[in-house]
Structures are given as structure tokens and as C-alpha cells.
Amino acid sequence: MRKSIIMGLLAMAAMTATAQKFALVDMDYILKNIPAYERANEQLNQVSKKWQAEVEALNTEASTMYKNYQNEVVFLSQEQKKKRQDDILAKEKEASDLKRKYFGPEGELFKKRESLMTPIQEEIYNAVKDISELRGYSLILDRAADAGIIFGSPKIDISNEVLEKLGYGK
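None of these values were measured; they are calculated from a predicted model.

Before going further, it helps to examine the overall build of the protein chain. Summing up its helical and strand segments, the protein chain has six helices and two strands in all. For the protein chain, the residues scored as buried account for 23% of the 170 residues in total. A sequence separation of at least 24 residues applies to 77% of the contacts in the protein chain between residues at least 6 apart. As presented, the protein chain carries roughly 12,200 Å² of accessible surface, and 55% of it is formed by carbon and sulfur atoms.

What follows is the structure in C-alpha cells.
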């Protein structure tokens, strides 16, 4: 009797497992077909280049100050040497602080990327969720992510359906 209960439970588990539906999306493909994402990326690239130029200008200034110091060091008093060294260190610190402010883990670029990309990602997530609920998918995997998917049938790829739901269908 005990053996038949276990077999029944295993059979139910197997039926439940086979009843689940899966789908794939290719987030890279979806994002490349959303103009707002491309515009946001371009905006991020432009602001990043601008900020990088500011940091490089400070680094160049510090480097020039150091070269000038090296050329003039034999003519400077101890007090003048100390002041020049302090000025060089201050300029290097200013460059480092600016780099951290713009490009650090919680820096301006991170905040800008988050403000531009979050609405797009939420819109995609909601479209995927709606399709999942409509079609009864238990799991939707991102084919573009390095999730170890070796093969995924194009029949279960819903990327174009997601784009259509977002209004970017072909």
C-alpha cells in the first residue's frame, strides 16, 4: 500500500512537471529594437565622454604641475618644494574624487543609467509578465544571459511577441 502511494505521488509530480510551459526571450534583441533604449545609451555615452574629459583634464593638469616641479626643483626652497608637492597632491586628489563622483559604484553615471534604463526595463518586464500570464508560462528565460542555455527552440522564443506588446512589432 505504501509503495502504491509513493508511486501515485511520483506520477502526480511527473504530470505536474510536464504540464509546465517554458519560453525564451532574447533581451539583447528586444533592447536593440527599442529606440528609447538606443537613445538612452547614446545619452549615457555622451555624458560619460564629457565627464571622462573633465577627469582627464585634471589629470593632465596634475601631470604638467609635476613636470614643471621636476624642472624647477633645484631652484626651489624647502618651503616652495613643500607647497608645490602639496598642490600636486591636491590636484591628483581632485581628479580622483571627481572620477569617483562620476564613475564610482554609486556615482553620477550609475544614477543616470538607472534613471534612463529602469523605465524601459520595467516596461519590458511587464510585457513579459503579461504574456506569461496569458499563455500560462511557468518560466521565461533570457537566451542572451549566460544561463547555460545550449539550445532553445525558436518555437518557444517570444521575443517578437514582447516587442509587439511594447508597440515595436514588425
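At a minimum axis separation of 9 Å, helix H5 (residues 108-135) and helix H6 (residues 159-166) run at an interaxial angle of 115°. In terms of orientation, H5 and H6 fall into the roughly perpendicular class. Two packed elements cross with a definite hand, and for H5 against H6 that hand is right-handed. On H6, the residues touching Glu123, Ile124, Ala127, Val128, Asp130, Ile131 and Arg135 of H5 are Glu161, Val162, Lys165 and Leu166. Taken together, the residues of the contact of H5 with H6 break down into six nonpolar, no polar and five charged.

Before going further, it helps to examine a nonpolar patch on the surface. A cluster of nonpolar side chains, contributed by Phe22, Leu139 and Leu141, occupies part of the molecular surface with about 240 Å² of accessible area. Tracing the backbone shows Leu139 in strand E2 (residues 137-142).

A few words now on the pattern of salt bridges. Here the structure, examined in full by the defined rule, presents eleven salt bridges. Here Lys165 and Asp130 are joined by a salt bridge, their closest N and O atoms 3.8 Å apart. Of this pair, Lys165 sits in helix H6 while Asp130 sits in helix H5, placing them 35 residues apart in sequence. The class of Asp130 is partly exposed, set by a relative accessible area of 37%. Sharing partners across several salt bridges, the network here consists of Glu61, Lys91 and Glu94.

In this fold, Asp26 is placed in the loop between strand E1 (21-25) and helix H2 (27-32). Other than its neighbours up to four places away in sequence, Asp26 contacts Asp142, Arg143, Ala144, Asp157 and Ser159. Only 3.2 Å separates the side chain of Asp26 from the backbone nitrogen of Asp28, close enough to count as a polar contact.

This part covers helix H3 (residues 35-72). Here H3 spans 55 Å end to end across 38 residues, near enough to the 56 Å set by a 1.5 Å rise per residue. Taken as a whole, H3 has its buried residues at Tyr37, Ala40, Leu44, Val47, Trp51, Val55, Leu58, Ala62 and Tyr69. Against H2, helix H4 (78-103) and H5 lie the buried residues of H3.

Our focus in this paragraph is the side chain of Ser159. Looking at the secondary structure, you find Ser159 in helix H6. Among the polar contacts listed, one links the side chain of Ser159 to the side chain of Asp157, at a separation of 2.6 Å. Setting aside residues up to four positions removed in sequence, Ser159 forms contacts with Leu24, Val25, Asp26, Tyr29 and Ile30.

Remark: H3 packs on H4, axes separated minimally by 9 Å, with the N-to-C direction vectors making an angle of 165°. Here H4 runs roughly antiparallel to H3, going by the angle between their axes. For the crossing formed where H3 meets H4, the hand is left-handed. Residues that form the contact of H3 with H4 fall into these classes: twelve nonpolar, five polar and ten charged.

Cut-off values and rules
- Residues numbered from 1 in each chain as written.
- Predicted model: local features only at pLDDT ≥ 70, side-chain atom pairs only at ≥ 80, totals over all residues.
- Heavy atoms only, no water.
- Helix = DSSP H or I, 4+ residues; strand = E, 2+ residues; numbered from the N terminus.
- Buried < 20%, exposed > 50% of the residue type's maximum accessible area, 1.4 Å probe, protein only.
- Contact = heavy atoms within 4.5 Å.
- Areas by Shrake-Rupley, 256 points an atom, 1.4 Å probe, with all protein chains shown as cover.
- Axes fitted to C-alpha atoms, helices over the stretch in contact; angles between N-to-C directions.
- Parallel < 35°, antiparallel > 145°, perpendicular 65-115°, else oblique.
- Left-handed = near helix turned anticlockwise from the far one by under 90°.
- Nonpolar A, V, L, I, M, F, W, Y, C, P; charged D, E, K, R; others polar.
- Patch = residues over 30% accessible without salt bridge, like charges linked within 9 Å, V, L, I, M, F, W, Y side chains within 5 Å.
- Salt bridge = Lys/Arg side-chain N within 4 Å of Asp/Glu carboxyl O.
- Polar contact = N/O pair within 3.5 Å; in protein donor to acceptor, adjacent residues only side chain to side chain.
- Expected span 1.5 Å × (residues − 1).

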